[in-house]
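# Fold and geometry: a report
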Amino acid sequence: MSIQTPPRLLELVGRSLLRDQALAVCTLEKLPMELFPPLFMEAFSRRHCEALKVMVQAWPFPRLPLGSLMKTPCLETFQAVLDGLDALLTQGVRLRRKLQVLDLQDVSENFWMVWSEAMARGYLPNATRRRKPARDCPVMRGQQRLTVFIDLCLKSRTLDECLTCLFLWVKQREGLLHVCCKKLKVLGTPLHEIKNILNMVNPECIQEAEVNCRWRLPDLAEFTPYLGQMRNLHKLTLSHVDLPRYISPEQKKESVTQFTSQFLKLHHLQKLYMNRVSFLEGHLAQLLSCLKAPLKTLTITNCVLSESDLRHLSQSPSISQLTTLDLSGISLANLSLVPLQLLLEKVAATLEYLDLDDCGIEDSQVNAVLPALSRCFELTTLSLCGNPISMATLENVLSHTIRLNNLRLELYPAPRESYDAYGALCRRRFAQLGAELMGRVKDLRQTKRILFCTACCPRCGHRAFYDLEVNQCSC
């Protein structure tokens, strides 16, 4: 049987093999490579577990991308794959010329179909060729351990069956496997369970980490030694960290120091997202001083920051190359925005996205930062929703952004005059002022997309907005 064998004939041969209860590795090794992906898909979907076990042992490619077939996990078929790998590992088969990587990462659903069709036409897609280990993943060239790639999402108090099965298998085969996780999400699993799992994963492979567990500060401090081991981390998201009701200043300082000191080890961190992190006030300078590389993205939302924090932010060398700055939900009312003005001047050459939604910024504060804002020529998105800004100041903003040719999306608050004395939105007045502002924009420059948005509705939480007409909120 050759590479020119008609695909239909290959399919018929493959299905007859699946019905063979005595299917052997030596039989499969005689088959052309292009038959394996469609045959494997057939065995996996129909739960031919014995055939799967044998196919894994005879797999002719260095990588088995199983993740895209695991959209609806089946413990029975997954265990069959692991049994096949066990046969490889325990028989001492050298992995250099056969299977080297079990890929459990979530890839596109049509991956296998594209792969199968490509091979049926007589060529191998990139995914089937032997890949060099990524530079930021410490898989040693020539090593004989099987590498397992997985994206971890720990989102419940108990792991799902397949994940539990996988880590039990990994734990029992210590020294035979190399577990790499590029994306880690921790969304609710108990801390002791997280530690057990991270002890089986090479932390230097982790490039993106998200922690959103409603932890208290001491819990975060207990997790931070693992954070410091993620030396190739590019993106960190931290959300919902509360201070305990009773914590001494000494305990708080010690926990914050434990956390911030880990950033000294993260030489590749480029994106930092922090949301509802209660300990930042008064400690932002401490965190910024530990950053070892310039950030591309800085998002600090729904936190409390002091004027001193803003000043340290504007002075930090780690923010000089920002492309994204999001400070939405931080109360800036009654604060001097000179630090923000200095910050915008520093990042004017690189900043592409600026979000200052719901900061309580008033007219005088907006006018103070406009000269610096008007020099951010790379800006593509600007959002000022939810701030009490008057009609006159909005017109001033629009006149200052006239030279920002890269702006594609602008989101502005409904003029303060759109609300009555009790803070209720007057929709007719909002529509009238929105039309006037849109007319003002057209007089000044060619528009891309501009929206004028109301404050969030107290009932549904959504905003009404004006584009060419008023679009009401969902309630």
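Since this is a predicted model, take the numbers as computed values, not measurements.

### Let's talk about the state of the cysteines
The final tally for this structure, using the stated rule, is zero disulfides. Between Cys385, a cysteine without a disulfide, and Cys453, which holds the nearest cysteine sulfur, the sulfur-to-sulfur distance is 3.6 Å. Judged by relative accessible area, Cys385 falls into the buried class, the value being 2%.

### Topic: the environment of Leu39
Along the polypeptide, Leu39 turns up in helix α3 (residues 36-45). We classify Leu39 as buried; its relative accessible area is 4%. For the pair formed by Leu39 and Leu52, sequence separation is 13 residues and the distance between their alpha carbons is 9.4 Å.

### So, the sheet that holds strand β3 (residues 146-149)
Strand order across the open sheet formed by four strands is β1-β2-β3-β5, with parallel pairing between neighbours. Two strands lie at the open edges of the sheet, namely β1 (63-65) and β5 (177-180), each paired on one side alone. With direction set aside, neighbouring strand axes in the sheet form an average angle of 15°. Bridge count between β3 and β5: four bridges; the pairing is parallel. Within β5, the position partnered with Leu146 by the bridge is Leu177.

### Some words on the packing of helix α8 (residues 191-198) against helix α9 (residues 217-228)
In contact at an axis separation of 11 Å, α8 and α9 are set at 0° when each is read in the N-to-C sense. When the axes of α8 and α9 are compared, the pair comes out roughly parallel. Residue-level contacts link Leu191, Ile194, Lys195 and Leu198 of α8 to Asp219, Glu222, Phe223 and Tyr226 of α9. Residues belonging to the contact of α8 with α9 are distributed by class as follows: five nonpolar, no polar and three charged.

### Description of the environment of Pro203
In this fold, Pro203 is placed in the loop between α8 and β7 (208-216). When the C-alpha atoms of Pro203 and Arg231 are compared, they prove to be 7.5 Å apart, with 28 residues separating the residues in sequence. Ignoring any residue separated from it by four or fewer positions in sequence, one finds Pro203 in contact with Gln229, Met230 and Arg231.

### Structural notes on the pairing of β7
Of the two faces of β7, only one is covered, namely that formed by Ala209, Val211, Cys213 and Trp215; the face formed by Glu208, Glu210, Asn212, Arg214 and Arg216 stays uncovered. Crossover strand β6 (residues 183-186) to β7 through α8 is right-handed. Note: β7 against strand β8 (residues 235-242), seven bridges, orientation parallel. From the neighbouring strand, Ala209 faces β8, where its bridge partner is Leu236. You can see the chain leave β7, run along α9 and come back into β8, and the turn it takes is right-handed.

### Let's talk about the packing of aromatic side chains
All chains considered together, the criterion is met by nine aromatic pairs. An aromatic cluster of three or more residues is present, and its members are Phe36, Phe40, Phe44, Trp59 and Phe61.

### Let's talk about the pattern of salt bridges
Tallied over the full model, the rule gives six salt bridges. When the shortest N-O distance is used, the salt bridge between Arg173 and Asp86 registers 2.4 Å. Highlighted residues: Arg173 in the loop between α7 (161-172) and β5 and Asp86 in helix α5 (residues 75-90), separated in sequence by 87 residues. Judged on exposure class, the residue Arg173 and its partner Asp86 are both buried. As a salt-bridge pair, Arg375 and Glu345 come within 3.6 Å of each other at their nearest N and O atoms.

### What about the side chain of Gln262?
Tracing the chain through its elements places Gln262 in the loop between α10 (249-260) and β9 (271-277). Contact partners of Gln262, with chain neighbours within four places excluded, come to Thr224, Pro225, Leu227 and Gly228.

### Quick look at the pairing of strand β14 (residues 409-413)
Counting buried positions over the five residues of β14 gives four, a clear majority of the element. As judged from the three bridges shared by strand β13 (residues 381-383) and β14, these two strands associate in the parallel manner. Pairing of Leu382 across the sheet is with Glu410, part of β14. Note that the unit made of β13, helix α15 (residues 391-400) and β14 has a crossover that is right-handed. In this structure, β14 lies alongside strand β15 (residues 450-453), joined through four bridges in parallel fashion. From the neighbouring strand, Tyr412 faces β15, where its bridge partner is Phe452.

### Digging into the packing of helix α14 (residues 363-373) against α15
At a closest axis distance of 10 Å, the pairing of α14 and α15 adopts a crossing angle of 10°. In terms of orientation, α14 lies roughly parallel with respect to α15. Residues Asp363, Val366, Asn367, Leu370 and Pro371 of α14 form the contact with α15, whose participating residues are Thr393, Asn396, Val397 and His400. Taken together, the residues of the contact of α14 with α15 sort by class into four nonpolar, four polar and one charged.

### Details of the environment of Gln251
By the secondary structure assignment, Gln251 is in helix α10. The sequence separation of Gln251 and Pro218 amounts to 33 residues, and the corresponding C-alpha distance is 8.6 Å.

About the thresholds
Residues numbered from 1 in each chain as written. Predicted model: local features only at pLDDT ≥ 70, side-chain atom pairs only at ≥ 80, totals over all residues. Heavy atoms only, no water. Disulfide = S-S within 2.5 Å. Buried < 20%, exposed > 50% of the residue type's maximum accessible area, 1.4 Å probe, protein only. Helix = DSSP H or I, 4+ residues; strand = E, 2+ residues; numbered from the N terminus. Pairing = 2+ DSSP bridges. Axes fitted to C-alpha atoms, helices over the stretch in contact; angles between N-to-C directions. Parallel < 35°, antiparallel > 145°, perpendicular 65-115°, else oblique. Contact = heavy atoms within 4.5 Å. Nonpolar A, V, L, I, M, F, W, Y, C, P; charged D, E, K, R; others polar. Right-handed = clockwise from strand over helix to strand, strands pointing away. Phe/Tyr/Trp six-rings, centres within 6.5 Å; stacked < 30°, edge-to-face > 60°. Salt bridge = Lys/Arg side-chain N within 4 Å of Asp/Glu carboxyl O.

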